[in-house]
Every structure is written in C-alpha cells, then in structure tokens.
There are 2 protein chains.
Amino acid sequence: MSEVKSKGLAAKQASYQLINCTTEQKNAALALVAAQLTADHQMILSANEQDLAEGKANGLSEAMLDRIMLNEQRIQGMAEGILQLIQLNDPIGETLETIEKENGLRIETKRVSIGVVGMIYEARPNVTVDAATLAIKTGNAVILRGSSSAKHSNLALMNSIHAALEKSDLPKDAVQLIEDTSRETAKELFRLNDYLDVLIPRGGKTLIETVVREATVPVIQTGAGNCHVFIDESAEVEMAENIVLNAKIQRPSVCNAIETIIIHKNWFTAHGSALVAKLQEQGVEVFGEEMVVQTCPGVKRVADEDWSTEFLGLAIRVKIVSNVEEAIEHINRYGTQHSEAIITMNKQHAEQFLARVDAAAVYHNASTRFTDGFEFGYGAEIGISTQKLHARGPMGLKALTTSKIMIFGEGQIRG
Amino acid sequence: MSEVKSKGLAAKQASYQLINCTTEQKNAALALVAAQLTADHQMILSANEQDLAEGKANGLSEAMLDRIMLNEQRIQGMAEGILQLIQLNDPIGETLETIEKENGLRIETKRVSIGVVGMIYEARPNVTVDAATLAIKTGNAVILRGSSSAKHSNLALMNSIHAALEKSDLPKDAVQLIEDTSRETAKELFRLNDYLDVLIPRGGKTLIETVVREATVPVIQTGAGNCHVFIDESAEVEMAENIVLNAKIQRPSVCNAIETIIIHKNWFTAHGSALVAKLQEQGVEVFGEEMVVQTCPGVKRVADEDWSTEFLGLAIRVKIVSNVEEAIEHINRYGTQHSEAIITMNKQHAEQFLARVDAAAVYHNASTRFTDGFEFGYGAEIGISTQKLHARGPMGLKALTTSKIMIFGEGQIRG
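Residues numbered from 1 in each chain as written. Chains lettered and ligands numbered in written order. Predicted model: local features only at pLDDT ≥ 70, side-chain atom pairs only at ≥ 80, totals over all residues. Heavy atoms only, no water.

**Q** Residue-level account of helix 9 (residues 205-214) of chain B, with values.
**A** For helix 9 of chain B, the set of buried residues is B:Leu207, B:Ile208, B:Thr210, B:Val211 and B:Val212. Check the buried side of helix 9 of chain B and you find it contacts strand 3 (116-121), helix 8 (183-190) and strand 6 (198-202) of chain B. (Buried < 20%, exposed > 50% of the residue type's maximum accessible area, 1.4 Å probe, protein only. Helix = DSSP H or I, 4+ residues; strand = E, 2+ residues; numbered from the N terminus. Contact = heavy atoms within 4.5 Å.)

**Q** Explain the pairing of strand 1 (residues 95-100) of chain A to me, using residue names and the numbers behind them.
**A** Residue and element names in this part refer to chain A. Looking at chain direction, strand 1 and strand 2 (residues 106-113) are connected through five bridges and run antiparallel. Pairing of Glu97 across the sheet is with Thr109, part of strand 2. Linking strand 1 to strand 2, which pair antiparallel, is a turn of five residues; within it Gly104 sits at a positive phi near 90°. (Pairing = 2+ DSSP bridges.)

**Q** How would you explain the interface of chain B and chain A if you had to name every residue and give the values?
**A** Opposite the 70 residues of chain B that make contact, chain A presents 70 residues. When chain B packs against chain A, the two sides together hide about 5900 Å² of surface, and 55% of this comes from carbon and sulfur. Where chain B packs against chain A, one counts six salt bridges. Salt-bridge contacts for A:Arg414 lead to B:Glu375; the nearest nitrogen and oxygen are separated by 3.4 Å. Taken together, chain B and chain A are joined by 41 residue pairs in polar contact (both at pLDDT 80 or more). Looking at the side of chain B that touches chain A, the elements that each hand over two or more residues are helix 1 (3-18), strand 1 (95-100), strand 2 (106-113), helix 9, helix 10 (237-249), helix 14 (347-356), strand 13 (361-366) and strand 16 (401-412) of chain B. Ranked by residues supplied to the side of chain B that touches chain A, first place goes to strand 16 of chain B with 11 residues. (Buried area = accessible area lost by both parts, 1.4 Å probe. Salt bridge = Lys/Arg side-chain N within 4 Å of Asp/Glu carboxyl O. Polar contact = N/O pair within 3.5 Å; in protein donor to acceptor, adjacent residues only side chain to side chain.)

**Q** Let's hear about the UniProt feature "domain: Aldehyde dehydrogenase" (unreviewed entry) in chain A: which residues, and what values?
**A** Feature annotation in UniProt assigns "domain: Aldehyde dehydrogenase" (unreviewed entry) to the following positions: residues 94-281 of chain A. Secondary structure over residues 94-281 of chain A splits into 40% helix and 24% strand, and the C-alpha atoms at its two ends are 52 Å apart. (UniProt positions renumbered as here; feature names shortened; annotations may be inferred.)

**Q** Can you explain the packing of helix 2 (residues 23-39) of chain B against helix 5 (residues 72-87) of chain B? Please cite residues and give values.
**A** Residue and element names in this part refer to chain B. Here helix 2 crosses helix 5 at 170°, and the two axes come no closer than 9 Å. The angle between helix 2 and helix 5 places the two elements in the roughly antiparallel class. Between helix 2, through Asn27, Leu30, Ala31, Val33, Ala34, Leu37 and Thr38, and helix 5, the contact on the second element is made entirely by Ile75, Gln76, Met78, Ala79, Ile82, Leu83, Leu85 and Ile86. Considering only residue class, the contact of helix 2 with helix 5 consists of 12 nonpolar, three polar and no charged. (Axes fitted to C-alpha atoms, helices over the stretch in contact; angles between N-to-C directions. Parallel < 35°, antiparallel > 145°, perpendicular 65-115°, else oblique. Nonpolar A, V, L, I, M, F, W, Y, C, P; charged D, E, K, R; others polar.)

**Q** Please set out the domain arrangement of chain A residue by residue, giving values where relevant.
**A** Residue and element names in this part refer to chain A. Here chain A is partitioned into domain 1 (3-221 + 387-408) and domain 2 (227-370). Taking only C-alpha atoms, the centre of domain 1 and the centre of domain 2 are 35 Å apart. Listed by partner, the interface residues are five residues for domain 1 and six residues for domain 2. Where domain 1 abuts domain 2, roughly 420 Å² becomes buried across the two surfaces, and 36% of that area is made up of carbon and sulfur atoms. On the surface where domain 1 and domain 2 come into contact, there are two salt bridges. (Domains from an automatic or database assignment.)

**Q** Tell me about the relation of the copies chain B and chain A, and please be specific about residues and values.
**A** Take chain B, turn it by 180°, move it 0.0 Å along the axis, and it overlays chain A with an RMSD of 0.0 Å. Such values leave the two copies arranged in the relation of a two-fold axis. Residue B:His390 of chain B places its C-alpha closer to the rotation axis than any other residue of that unit, at 1.7 Å. Of the residues that chain B buries at the interface, 100% are likewise interface residues in chain A, meaning the two copies contact each other through the same surface. (Least-squares fit on C-alpha atoms with pLDDT ≥ 70 in both.)

**Q** Go over the pairing of strand 9 (residues 285-288) of chain B, please, and point to the residues and values.
**A** Residues and elements named next belong to chain B. With four bridges joining them, strand 9 and strand 11 (residues 315-321) adopt parallel strand pairing. Residue pairing across strands places Phe287 opposite Arg317, the latter belonging to strand 11. Taking the sense of rotation as the criterion, the β-α-β connection linking strand 9, helix 12 (residues 290-295) and strand 10 (residues 300-301) turns out right-handed. (Right-handed = clockwise from strand over helix to strand, strands pointing away.)

**Q** Quick one: what's the story with the pattern of salt bridges, residue by residue and with numbers?
**A** Under the criterion given, the structure shown has 48 salt bridges over all chains. Note that B:Arg414 is salt-bridged to A:Asp372, the shortest N-O span being 3.6 Å. In this pair, B:Arg414 sits in the segment after strand 16 while A:Asp372 sits in the loop between strand 13 (361-366) and strand 14 (383-385), so the two residues belong to two different chains. Taken individually, B:Arg414 and A:Asp372 each receive the classification buried, so the pair is uniform in this respect.

**Q** How would you summarise the sheet that holds strand 4 (residues 141-145) of chain B if you had to cite specific residues and measurements?
**A** Residues and elements named next belong to chain B. Strand order in the open sheet made by the four strands is 5-4-3-6, with parallel pairing throughout. Both outer strands of the open sheet, strand 5 (175-177) and strand 6, are each paired with one neighbouring strand and no more. Strand-to-strand twist in this sheet, taken as the mean axis angle between neighbours without regard to direction, amounts to 20°. Set on the sheet, helix 7 (residues 151-166) makes contact with strand 3, strand 4 and strand 5; between it and strand 5 the angle comes to about 155°. In this fold helix 9 packs onto strand 3 and strand 6, with an angle of close to 160° to the strand it touches most, strand 6.

**Q** Please set out the sheet that holds strand 3 (residues 116-121) of chain A residue by residue, giving values where relevant.
**A** All names here are of chain A. Read from one edge of the open sheet, four strands run 5-4-3-6, paired in parallel fashion. In the strand order of this sheet, the two ends are held by strand 5 (175-177) and strand 6 (198-202), each with one partner. The average angle at which neighbouring strand axes cross in this sheet is 20°, direction not considered. Against the sheet, helix 7 (residues 151-166) touches strand 3, strand 4 (141-145) and strand 5, its axis set at about 155° to strand 5.

**Q** Let's hear about the packing of aromatic side chains: which residues, and what values?
**A** Residue and element names in this part refer to chain A. Scanning the model with the defined rule gives six aromatic pairs over all chains in all. Ring centres 6.4 Å apart and planes at 20° place the aromatic pair Phe230 and Phe353 in the stacked group. With Phe230 in strand 7 (residues 227-231) and Phe353 in helix 14 (residues 347-356), this pair connects stretches of sequence that are 123 residues apart. The burial state of Phe230 is the same as that of Phe353; both residues are buried. Considering the side-chain rings of Phe287 and Phe311, the 5.8 Å spacing of their centres and the 10° angle between planes classify their relative orientation as stacked. Residue Phe287 is found in strand 9 (residues 285-288), and its partner Phe311 is found in the loop between strand 10 (300-301) and strand 11 (315-321); the two are separated by 24 residues along the sequence. Positioned above the aromatic ring of Phe408 is the side chain of Arg106, whose terminal nitrogen or guanidinium carbon lies 4.3 Å from the ring centre. (Phe/Tyr/Trp six-rings, centres within 6.5 Å; stacked < 30°, edge-to-face > 60°. Lys NZ or Arg CZ within 6 Å of the ring centre and 35° of its normal.)

This is the structure in structure tokens:
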C-alpha cells in the first residue's frame, strides 16, 4: 500500500476513535502539543535551517525564504496560538435543530466532526501546526501534504506533535504528514475518496486551480483574491485615500489586499491625481486606463485589458466608471468573490453594491484587509473560502464540522 | 457559443437580476407557474405520450416507463406542490449572525442565494418542475439537463414555465433547459465553472459517480443508499419485524430503503427464521452468510462478499454479528452514509451506534424510510445529500442558499 493510502486508512480509523474523545481530552492534547513544540524548539530550528540552506542553494527568492523561515519568536507564536485555541468553545455536539413530529419521532440535528480533512499547502511550515491543532480541536483526523521546500521543518514539527499525542488520550494517527513530497502523492490525495472527506488547498493560484481541476474528493477552494475598492462620486476624500492606501500597502502579499481601484469619473477628476501620487510616493506602481495615463504622471497603461492578475505586491490598477452599476459589473466580471469595498456617503449606492456584488465579504466604508477569521472574531482560521458551498469567507472552527441527523423512535414505520 | 455556454451566461445574468426580486414577486411567479401547468396539461400530456411511445419502441422497462409517465393526477400534484412551496418561509435575507467590533465595525452574515444551480437528472420529468420552482423560491437561476428519454415532456414543461415567467416580474432566463441531451452537453456542464456555482446530480449510481469523477464545478453528491437495519440482541421482536418489513418493502426502489439486515447472533438464533420467512412471504429474495443459508430455507449465499450492491428492488442480504461494534464496523465499511438504523432496548448501544455510525441520518427504533425532506418537516426537497460538506441528508430550501458577510464601517483601516 502506498504512503498516501496507508496514512489515509490510518487517519480514517483514527477519526472513528476521535468521536469518543471529550472536549477535555482534546484540550489536554492541545496543551501537550504547545508544550512539546516549545520543548523541541532547537530540533525544529535546526531542521528549518536545513530547509533554508537547501532553499538558498536552489535559488529561492527572499520572500519565499521568509515564508519558510522559523525562529524562536515564531515557534513561541505557534504555542501561544494553541493556548488561545484551547479557550475557544468546542463546536462539536451542539444541537442545531430539534423537531418533534406528530407520530412521536424526535429528529435532532447535531454538529459533528467532518471525519478526515486533507490539507495541501506550500512553503509556510506554520500551516502544519495550524491545521493539526484546528483538526484536533474539532475532532477531525487530518492528512497534511506540505511542499518539499519546507520538508525538514514539517517533519520536525510532526515529530513534535506526535510526541505530544503519544502522551495524550488521542490517537497518534489523528495527525499524519505525507513525507514524500513528489507530485504523485499530491495526485493520489486528489483522488483519495475512500478516506478523505474534504481537501483544502492553501497556496498560490496554480496549486488551487490544479486541485479544483483534478480532485474528485470534495474541495474547499481558498485564497485567490483579486479584490477591489470602488470610490463612488460622494466618497469622503480622506476616508477613500486612507482605505485605498491601507488595503494596498499594509500587507500587499495577502489575498485580502486590493489589486484595482475603481473610481467614479467625477471623483477622479477632482481627487484622482492626488490619490495616484500618494500611492506612488509609497512605492506603488500604478497602471490605468487611457484617461488615467493622460492625467497622472508615471502611470502605465493596463496591458491587454488584463484586469485579473493578482499582483500580490506594490502595484495597482485604476479603472474609471460612470456609475455604481458599472463598478458592480466590473467586479462581478473580474473579481474572485473574496472581498470588495465601496466608499460612499450615498446609502442607496452602498445597499446596491453590498446586495449585488458577488463576493464572500462586502464592505461599506472600510478596508478589505479585515477579511480574516481573527478580525471577524472567529478566534481561528483554517483558510478563506472563495466558493459558495459549505463555508464562505474566513473559515473558523465551524467550517471543520458537518451535521448529522439523529432520529429517536419507538418503532415508527412509514405509512 | 454552444447551447450550454450561452444558457450558462444567460442564467448568470438572470441570477444577478433575481437578487432584486422580493419574496412577493417570487411567490407571484410561482403561482403563475402552477396555473400555467394546469392550463397547459393537454400539451404536456401529449408531449409525454411521445416520450412513452419512443421509450416503448426503444425497449425501456416498465419501471422506467412509469418514471417517465405523466397523467392528469401527476400534473395536478405538481401544481399543488407549488402552492405548498409558496406557503414556506423565504430563507433569503435572514441575518445569521451580527458581530459589533470594538473598532465600530458591524459584521452581518446574511443568507443569500447561491447564484446558478445546475441539475442533471434522469427520466422523471417532475424533477424539472421541482428544481425550477425550488430555485425560483430561493432566488437562484437554474440550468436543467434532463435525459433524452423524457425530452419531449421536459421541453413542454419548460415552455409552460417560461410562459408563466413572461407574465411575472422575474427574468425568463432564470430557468433554462438544455435541449441537446447528448453526452457532450453533460460534459460541458461538468466544467462550466465560469457560470455554475453548484451542480446537483439526481439519478442512478453511474450518473452520480461520473459527475463526481469528472466535474470541476462544486458538486453535491446525492442519492446512493446502501442502507442497513441492525437488530441488536435486545431488540423487541415485533418492532424489529415491522421496521425491517417497512424499510425493505414499502417502496423498495428508493434510496432510503434497506439492502442489508445486520442481526445479533442471539436474536437470529431465536427469531431469525421467522423474520426471513416473513420477508419471503412478501416476495423478497433473501441472501445470507453461510449460517443464514443453513438455518433458513430458500436463502441464497451472498455472492463474492458483495455487501455493497443496492438492489433497489425486492431483495435483501442478512449479516450476522456478535456485538454492536461489529455492526458499526460493517456499516462504516460498506454503507453509503445515507440512513442507518439500530433496533434495540439497550440505550447505551443505541448511543454508541448513533454517535459512531458515519451517516447523514441515524435512527434508533424507527424505519430508515423517514429520511425525506417532507417527513422531516422541511416542506421541500431538492435531493438527499450523502456528502458532508454544505448540506447533509434531505436538502430543503436552506440547502439552496449560501451566506455573505456585509461589513459596515466609517472609514476603518487595519492597524
């Protein structure tokens, strides 16, 4: 049996054992994981140095090396995150609905664990710990498939997690790492329908598109964010500037940063040049339509009508529209259904925009950067869903649960 | 542009218009559909006769012809179903959660329409009307792809629905039928990611497996039902007999009928022969393990350890176990996560079974035949989900909705 299949089978069996574990047992296991990571930090850091050395030798970019890099502080952050996770309410077992039928049947819908969750991800070794601990908290088994660029770090983290689980009441097989990071193991995971209940990809556009195209197991699509801010005619100038600068610059590499500003033509005539200049002062490269190129120095033409590329860096496009309708149409055509904002003093326009823009999170007069499980108060985040089924937007603990209907009778049969 | 693509695009555009439609407008459109179906019954019945004639010429089975067949009563039933649907609460717009943050952000999660729902189904023309009207009620556009065996009926029903929609405030393109029933249009639907938000297959195992294997759009898996009743040692004899007979015989062709009885060995020794005889008296062919074959006359050996086949007819398998553990293991190995029942007077065994059997609906002392949106009081049913994401078990109106997070600010930016 292949590594993927045998670990899949072990995870499935562990998932059945997890059903019997109490909240106290799961939290105790999490505390052990936090303590073990801290105790093992030297081992983890030296494994991480190996990944970094290999990454440098392979010519990885500085940005990529930073994603892979661990240090004392980042490991401490992981342990603290786990202690916060322990404090969150356990969603498992919650009664969602009770129906009493005239024939005496009692129909209770309960929140239960999904079973076996697969995660496939790139670079960041912290995803290994996030996914493992969120799965433990929600009573799911998890199969992790990280990238080769972080394989030593992921293995060290997994050894630490396993050492903790062995001291706990939970089955060690509840958390599994696929050690072979070849393409073949990814493809096997895509089609592991016998053991996997869901597969969550986290990483770049190519990874996510590949999973969506090739997986036969149910997938939760995450992450791609071609987000927009629309500055309406009546937008307050300082507010618009602050929100655009925040949404572009505060952390340009993430999915809830914006890639395009859509501006009402009258607002643009009055305040467009000043806004563009402020972006340029902060080192942002600005691309625009012809009108923007002609009005603002240093702006390049948007090439080939490409309104879709995610820059994930200090670059932005400017699109001019005549009304809120056009803005909505542009977003619904090019957006990735992630986070979209309107800046306006016109309540009716705001309502229209929020109702008709097709995205997980829609904002009136605030920065798209808030789309985040922690900012929304969920206390945790396994990813941000950009699909409409099961979970939409930031996914907290509830996104790792499903429901089960329990029917209690005294011999009822159907007439 | 192909038929599928152009109808997909039209449906997507209609879905944006549906966002502005009120509950009153949607219910008025439903009333018009009900009236139009009644008015057009002659036209629909003569189209149906064409399908039946072609079906007979093509040698379709009686059972299949019955699925295709419409009559005055069945059309009347459709119209009455629509009038009941009008009475149900509109789930769209419901506020699911409101969070007020310290920074003044108000985060409201609302229930919204999914967008464009695809249905691919076999034979039964009533699915055309069910899917169209459930989509209208929930503000979704829908693309229907029925089978060639019901193509004249489906087209007549669609013409009637379109005539009704033209008199309504809803866009006619909200409901679309793919008229070309070749394999190519099904394959195009599987990969219509630009326009389809979800695809729901309804039909036989082969159809569902093909969709799960080939679709890149999100799928809700429905229908396959290899269901079991487990008769525990302490099961009350008459109750067990009644439930088994009901779950097998009352409507053997449906997914919530049972295919295997699992019996505790002591119960079997005392009451097994009588139960098997009662099944045989009702015309049920019984297959069993060696022990059952030797004890009960007329029982055939279960061939090739095949515990997976769905008979969908008057046949059943009998499996003997030593305890509830073995019953749970057998079900988790061979079941299709649909509906599973335990008959027992032992509360602890019932709790164990309900917690650990991996299925959408788990029963204590009642027939699996109750797994149904109407029986559970949802007032409607678009299918029965056997997957764990998004919806599980019978899918009512809420299964055709998703959520959207609306964030209201006064210029907040992330620090």
